[in-house]
Amino acid sequence: LKPLSGCISDEFGDRDYDKVYVDEIQDCTQAETSLFFLAAGLQVQSLFLAGDPAQAVVEGVDFRFEEVRSIVYKLSQGKETLERPMKLFVNYRSHTGILRCASAVIEKLCSAYPGSARVLPPDLGYSQGPRPAYYMTNGTNSVELRTILTNNERLVVLCLDE
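As the structure is a computational prediction, the values presented were derived from the model and not from experiment.

Procedures and definitions
Residues numbered from 1 in each chain as written. Predicted model: local features only at pLDDT ≥ 70, side-chain atom pairs only at ≥ 80, totals over all residues. Heavy atoms only, no water. Helix = DSSP H or I, 4+ residues; strand = E, 2+ residues; numbered from the N terminus. Buried < 20%, exposed > 50% of the residue type's maximum accessible area, 1.4 Å probe, protein only. Polar contact = N/O pair within 3.5 Å; in protein donor to acceptor, adjacent residues only side chain to side chain. Axes fitted to C-alpha atoms, helices over the stretch in contact; angles between N-to-C directions. Parallel < 35°, antiparallel > 145°, perpendicular 65-115°, else oblique. Left-handed = near helix turned anticlockwise from the far one by under 90°. Contact = heavy atoms within 4.5 Å. Nonpolar A, V, L, I, M, F, W, Y, C, P; charged D, E, K, R; others polar. Phe/Tyr/Trp six-rings, centres within 6.5 Å; stacked < 30°, edge-to-face > 60°. Salt bridge = Lys/Arg side-chain N within 4 Å of Asp/Glu carboxyl O.

Another point: the environment of S46. You can see S46 is positioned in the loop between α1 (30–39) and β2 (47–49). The class for S46 is buried, based on a relative accessible area of 4%. Sequence spacing of S46 and D18 is 28 residues, and the spatial spacing of their C-alpha atoms is 6.3 Å. A polar side-chain atom of S46 sits 3.1 Å from the main-chain carbonyl oxygen of D18.

Quick look at the structure:
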């Protein structure tokens, strides 16, 4: 923590970092989250965290936003508190058709493997976009599938990787 000692405000209120922005916070440990708070000079208004617990990919990290609030409270010795996280339900990167397709896949996975993931409300898209189509094959009709793929460069193929 010695390199972070300059992050905490000196007698003039100056510190090395004015703001600390962290994306994908759901993949960070409590220790890493503590370091971000220290880097922000123990000032919650200088720390911006973004993440989605449903997109956690780091094995062994069981992230909860409530733990971030606890870290801030403990490190500041009760002087700082965080508001509850703001939840965003409008997706600006993917259109509604893609989001509905993803929701349908997640719904099927959750029904096949109950309790394997936290069930959240589906995201809403900012724009409509084209409607995705499904094509299922047992692998025996490769000529038909090759014709479809060759004649449409906008297709994206999702397949099982063994």
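With that settled, consider the packing of α1 against helix α2 (residues 65–75). For any two helices packed against each other, one specifies the crossing angle of their axes together with the interaxial distance. Across the interface, α1 lies against α2 with an axial gap of 10 Å and an inter-helix angle of 55°. Here α2 runs oblique to α1, going by the angle between their axes. Between α1 and α2 the crossing geometry is right-handed. Across the interface between the two elements, Q30, T33, S34 and F37 of α1 pack against E67, V68, I71, V72 and L75 of α2. Among the residues making up the contact of α1 with α2, the classes are represented as five nonpolar, three polar and one charged.

The next subject is the packing of aromatic side chains. According to the stated counting rule, one finds two aromatic pairs in the structure shown. On the basis of an interplanar angle of 50° and a centroid distance of 5.9 Å, the ring pair of Y21 and F48 is categorised as tilted. With a gap of 27 residues between them, Y21 in strand β1 (residues 20–22) and F48 in strand β2 connect regions that are remote in the sequence. Owing to a relative accessible area of 62%, Y21 belongs among the exposed residues under this scheme. Exposure remark for F48: the relative accessible area of 49% places this residue in the partly exposed category. Taking 5.0 Å as the distance between ring centres and 45° as the angle between the ring planes, the aromatic pair formed by Y92 and Y126 counts as tilted. With a gap of 34 residues between them, Y92 in the loop between β3 (90–91) and α3 (96–112) and Y126 in the loop between β4 (124–125) and α4 (142–150) connect regions that are remote in the sequence.

The next thing to look at is the side chain of D27. Topologically, D27 is positioned in the loop between β1 and α1. What D27 contacts, discounting residues up to four positions off in sequence, is E32, Q55, A56, V57, V58 and V61.

Following the sequence through the fold, Q26 ends up in the loop between β1 and α1. A polar contact is formed between the side chain of Q26 and the side chain of E24, at a distance of 2.6 Å. There is a polar contact of 3.0 Å between the side chain of Q26 and the backbone nitrogen of D52. Those residues in contact with Q26 that lie beyond four places of it in its chain are A50, G51, D52, P53, Q55, A56, V61 and F63.

Another aspect to go through is the pattern of salt bridges. On inspection of all chains with the given rule, the structure shows three salt bridges. Notably, a salt bridge pairs E66 with R84, separated by 3.1 Å at the nearest N-O pair. Of this pair, E66 sits in helix α2 while R84 sits in the loop between α2 and β3; the two residues are 18 residues apart in sequence, bridging distant segments of the chain.

Moving on to unusual backbone geometry. Residue L42 is not a glycine yet carries a positive backbone phi of 60°. In this structure, L42 sits in the loop between α1 and β2. For Q77, which is not a glycine, the phi torsion comes out positive at approximately 55°. In this fold, Q77 is placed in the loop between α2 and β3.

Now for the environment of S94. Turning to its location among the elements, S94 is positioned in the loop between β3 and α3. Discounting residues that sit within four places of it in the chain, S94 has contacts with L99, G125 and Y126.

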